[in-house]
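Spelled out from the first residue to the last, the chains are:
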Amino acid sequence: MASLDFEPLTYGELSPERRPTLAQALVPVLGVIVFLGIGSGYLKLAPHGPLLWSVVLTGLVGYYWMGLSWDELYDGIADSLLMGLQAVLILFTIYALIATWVSAGTIPGLMYYGLSILTPAVFLPATAILATVVAFSIGSSWTTAGTLGVAFIGIGSGLGIPEPMTAGAILSGAYAGDKQSPLSDTTNLAAAVTNTDLYDHIRAMRNGTALALGISLVGYALLGLRAGGAIPEGQVAEIQGALAGTYDLSLLVFLPLVVTFGLALYGYPALPSLVAGVFAGVFTTITVQGAGFTTAWDVFLNGTAPETGTKLVNDLLAAGGVSGSAWTISVVVAALSLGGLLEGMGVLAVLAHYLARGVQSATGLVVSSGVSAILVNVFSAQQYMAIVVPGMTLRNLYDEYDLESENLSRAVEAAGTPTGALIPWHAGAVYMSGVFGVPTGAYFPYYFFAFLSPLVLFAMALNGRATTKKGPADSPTAASADD
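Residues numbered from 1 in each chain as written. Predicted model: local features only at pLDDT ≥ 70, side-chain atom pairs only at ≥ 80, totals over all residues. Heavy atoms only, no water.

**Things to note about the overall build of the protein chain**
Consideration 1: Each helix and strand counted, the protein chain has 23 helices and zero strands in total.
Consideration 2: For 483 residues, the compact-globule formula gives about 23 Å, and the C-alpha radius of gyration of the protein chain, at 23 Å, lands near that figure.
Consideration 3: The principal-axis extents of the C-alpha atoms in the protein chain amount to approximately 70 × 50 × 40 Å.
Consideration 4: Accessible surface computed for the protein chain: about 18800 Å², of which carbon and sulfur atoms make up 65%.
Consideration 5: Charge centroids of the protein chain, computed over 14 positive and 29 negative side chains, lie 8 Å from each other. (Helix = DSSP H or I, 4+ residues; strand = E, 2+ residues; numbered from the N terminus. Rg over C-alpha atoms; globule rule 2.2 N^0.38 Å. Areas by Shrake-Rupley, 256 points an atom, 1.4 Å probe, with all protein chains shown as cover. Lys, Arg positive; Asp, Glu negative; His and termini not counted. Charge placed at Lys NZ, Arg CZ, Asp CG, Glu CD.)

**Quick notes on empty space enclosed by the protein**
Consideration 1: Within the structure shown, the criterion is met by three cavities of 30 Å³ or more.
Consideration 2: Estimates place the volume of the largest cavity at around 60 Å³.
Consideration 3: Lys179, Met205, Gly208, Thr209, Arg410, Ala414, Ser453, Val456, Leu457 and Met460 together form the lining of the largest cavity.
Consideration 4: Those elements giving two or more residues to the lining of the largest cavity turn out to be α10 (198-227), α20 (405-419) and α23 (448-462).
Consideration 5: Counting residues per element, the lining of the largest cavity draws most heavily on α23, at four residues. (1 Å grid on protein atoms, 1.4 Å probe; cavity = no way out; pocket = protein on both sides within 12 Å on 5 of 7 lines; lining within 4 Å. Points joined across faces, edges and corners; volume = space filled by probe spheres on them.)

**Quick notes on the nonpolar core**
Consideration 1: Counting residues in each nonpolar core, the largest one holds 113 residues, and the members touching the most others are Ile107, Trp142, Met432, Phe436, Tyr443 and Tyr447.
Consideration 2: Ranked by residue count, the leading element in this core is helix α4 (residues 85-104), at 12 residues.
Consideration 3: Setting aside anything within four residues of it in sequence, one finds Met432 in contact with Ser141, Trp142, Ala145, Leu171, Tyr175, Ala421 and Tyr443.
Consideration 4: By size, the runner-up hydrophobic cluster in this structure holds 20 residues, among which are Leu365, Val388, Leu397 and Phe458. (Core = buried A, V, L, I, M, F, W, Y, C linked by side-chain atoms within 4.5 Å. Buried < 20%, exposed > 50% of the residue type's maximum accessible area, 1.4 Å probe, protein only. Contact = heavy atoms within 4.5 Å.)

**Concerning helix α5 (residues 106-117)**
Consideration 1: The end-to-end C-alpha distance of α5 is 17 Å, a good match for the 16 Å that 12 residues give at a rise of 1.5 Å each.
Consideration 2: Three or more residues of α5 are buried, namely Thr106, Ile107, Pro108, Gly109, Leu110, Met111, Gly114 and Leu115.
Consideration 3: In this fold, the buried residues of α5 make contact with α4, α7 (141-158), α11 (235-246), α12 (255-266) and α15 (311-317). (Expected span 1.5 Å × (residues − 1).)

**Structural notes on the layout of surface pockets**
Consideration 1: There is about 470 Å³ of room inside the second largest pocket.
Consideration 2: Surrounding the second largest pocket, 32 residues form its lining, Gln86, Ile90, Ser140, Asp185 and Ala270 being those nearest its centre.
Consideration 3: Going through the elements one at a time, α4, α7, α12, α13 (270-287), α16 (326-344), α19 (383-400) and α21 (427-436) are the ones with two or more residues in the lining of the second largest pocket.
Consideration 4: At four residues, the largest contribution of residues to the lining of the second largest pocket is made by α13.
Consideration 5: Among the residues forming the lining of the second largest pocket, the class breakdown is 16 nonpolar, 14 polar and two charged. (Nonpolar A, V, L, I, M, F, W, Y, C, P; charged D, E, K, R; others polar.)

**Considering the packing of α4 against α5**
Consideration 1: It is at 4 Å that the axes of α4 and α5 come closest, and there the two elements cross at 65°. Between α4 and α5, the residues in contact are Ile98, Trp101, Val102 and Ala104 and Thr106, Ile107 and Pro108, respectively.
Consideration 2: Its residues placed into classes, the contact of α4 with α5 shows six nonpolar, one polar and no charged. (Axes fitted to C-alpha atoms, helices over the stretch in contact; angles between N-to-C directions.)

**Considering the packing of helix α3 (residues 70-83) against α16**
Consideration 1: Following both chains from N to C, one finds α3 and α16 inclined at 125°, their axes separated by 7 Å at the closest point. The pairing of α3 with α16 is recorded here as oblique in orientation. Crossing hand, α3 versus α16: right-handed. On α16, the residues that touch Leu73, Gly76, Ile77, Ser80 and Leu81 of α3 are Val333, Leu336, Ser337, Gly339, Gly340, Leu341 and Gly344.
Consideration 2: Split into classes, the residues belonging to the contact of α3 with α16 amount to six nonpolar, six polar and no charged. (Parallel < 35°, antiparallel > 145°, perpendicular 65-115°, else oblique. Left-handed = near helix turned anticlockwise from the far one by under 90°.)

**Looking at the side chain of Thr93**
Consideration 1: Its location among the elements puts Thr93 in helix α4.
Consideration 2: What makes Thr93 buried here is its relative accessible area of 11%.
Consideration 3: Every residue in contact with Thr93, bar those within four places of it in the chain, is listed here: Leu271, Leu274, Val275 and Val278.

**Considerations on the environment of Gly41**
Consideration 1: Tracing the backbone shows Gly41 in helix α1 (residues 22-42).
Consideration 2: Placed 354 residues apart in sequence, Gly41 and Arg395 show a C-alpha to C-alpha distance of 36 Å.

**Observations concerning the environment of Leu252**
Consideration 1: Looking at the element boundaries, Leu252 is found in the loop between α11 and α12.
Consideration 2: Those residues in contact with Leu252 that lie beyond four places of it in its chain are Thr284 and Val288.

**Focus on the side chain of Ser453**
Consideration 1: Mapping Ser453 onto the fold places it in helix α23.
Consideration 2: Discounting chain neighbours no more than four positions away, the residues touching Ser453 are Lys179, Ala212, Ala414 and Pro418.

**Structural notes on the confidence of the model for the protein chain**
Consideration 1: In the predicted model, the protein chain carries a mean pLDDT of 85, and 92% of its residues have values of at least 70.
Consideration 2: Within the protein chain, the lowest mean pLDDT, 77, falls on helix α17 (residues 347-357), and the highest, 95, falls on helix α14 (residues 293-302).
Consideration 3: Below pLDDT 50 for its whole length, residues 473-483 participates in 17 contacts with residues either more than four positions away or in separate chains. (pLDDT = per-residue confidence, 0-100.)

**Some remarks on the pattern of salt bridges**
When their charged atoms lie close together, side chains carrying opposite charge are able to pair.
Consideration 1: What the rule picks out here adds up to two salt bridges.
Consideration 2: The salt bridge partner of Asp200 is Arg203, with a shortest N-O separation of 2.5 Å. Of this pair, Asp200 and Arg203 are both found in helix α10, three residues apart, which corresponds to roughly one turn of the helix. (Salt bridge = Lys/Arg side-chain N within 4 Å of Asp/Glu carboxyl O.)

**Some words on the environment of Ala99**
Consideration 1: Inspection of the secondary structure puts Ala99 in helix α4.
Consideration 2: Here the alpha-carbon distance between Ala99 and Gly321, two residues 222 residues apart in the chain, equals 5.3 Å.
Consideration 3: Not counting the four nearest positions on each side in its chain, Ala99 is found in contact with Val299, Gly303, Thr304, Ala319 and Gly321.

**Thoughts on unusual backbone geometry**
Consideration 1: In this structure, Lys44 is a non-glycine residue whose phi angle is positive, near 60°.
Consideration 2: Looking at where Lys44 falls in the secondary structure, it is placed in the loop between α1 and α2 (48-65).
Consideration 3: Using a relative accessible area of 68% as the deciding quantity, one classes Lys44 as exposed.
Consideration 4: Backbone geometry places Asp402, a non-glycine residue, at a positive phi of 60°.
Consideration 5: Structurally, Asp402 can be placed in the loop between α19 and α20.

Below, the structure is given as structure tokens:
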């Protein structure tokens, strides 16, 4: 087999002579496109089956065509699942947290008071701004979406705002804040794999993030003006009455919120902060809402189906608990298995390499880096890989073009972090769709930041603002590159 002149990142540490040719790399990739297109698109199947077909085809290519052993293929799957284990554990925890926060009155309380403060005209931009602030403060888009985001879906529905619009606004704010937070795992990862100082990386993203978010806010303000006045007469009062009649809505119901965000702000990682939020939710369910110990923990496992007397409120507050996460987690496991095979076989690195071979300028290199991140998102189904693969595969090219490493770190995060939630089988999209109860295809057109973040990156590259040359060691600034 042809040897490539680069060191691709592979789980199996395959020797150069066993790396895939372009044909061997394209067959499983085309198979994924066809299977997901026909299965999920034409046949309207859930993604589980098409993902399994893709895993089998990819494994057969690796075993029979590339001559890899079962152990090598399995190691790729296992290492991908290990990398995605935190996401799986967060999924379990978030489903439990939502259920316990409903039973505790936390989410009903947020809905009740939010309906008193917000209006349809300002709701969407206000939601995006608040999500940005919270995600920046705690460094987690997933935590923001799975806690405040769920409540805002309910508030928006009460105000007559379509749920897909609300989901798009939450996602735009959550990912914008996450990208700029020094506490974010993806922000730290992008800096680490590209050998970039963390704060240089954050500063490099600042203008592009602000522009993309600013345009998004204008779009949400226009949507809000269009939605203004759409709320049915008396609906807010009916919803608030149903909430107040079912739950004790004293300020004590916000204890789980204070515990979770307090720990996150103090610097605890997302998973233990969320687990603490689950315990606080159970405690509040027992002490404030008067539920029994067994009942509170049954909600943790099996979810909640409140009877408030109003169908809209019942539907908004129905939560599946840990047992309700099975559909979502099974998709994530299948997608991670596929991504692990593609990565372990060297397929993703080969695609990134051939994409980089067409680079003729500094601008083209930045654009190719962003496109690579998006493609790896599509085929690996996890944002970590979308940052790691192009970040480690392409960084030597930035040295060849005498470009600062922050150009690469900005490119892979601007394109890789927010776009995952647009891809239906991606771990981020499956998670967001699950916690919001809104299909990916429904919120897709309203998630403005996911489109604007890479587009702004590409526009900045075209005018030289994303191609910063290395300067002298004692120079405080560097000049822009000429293509």
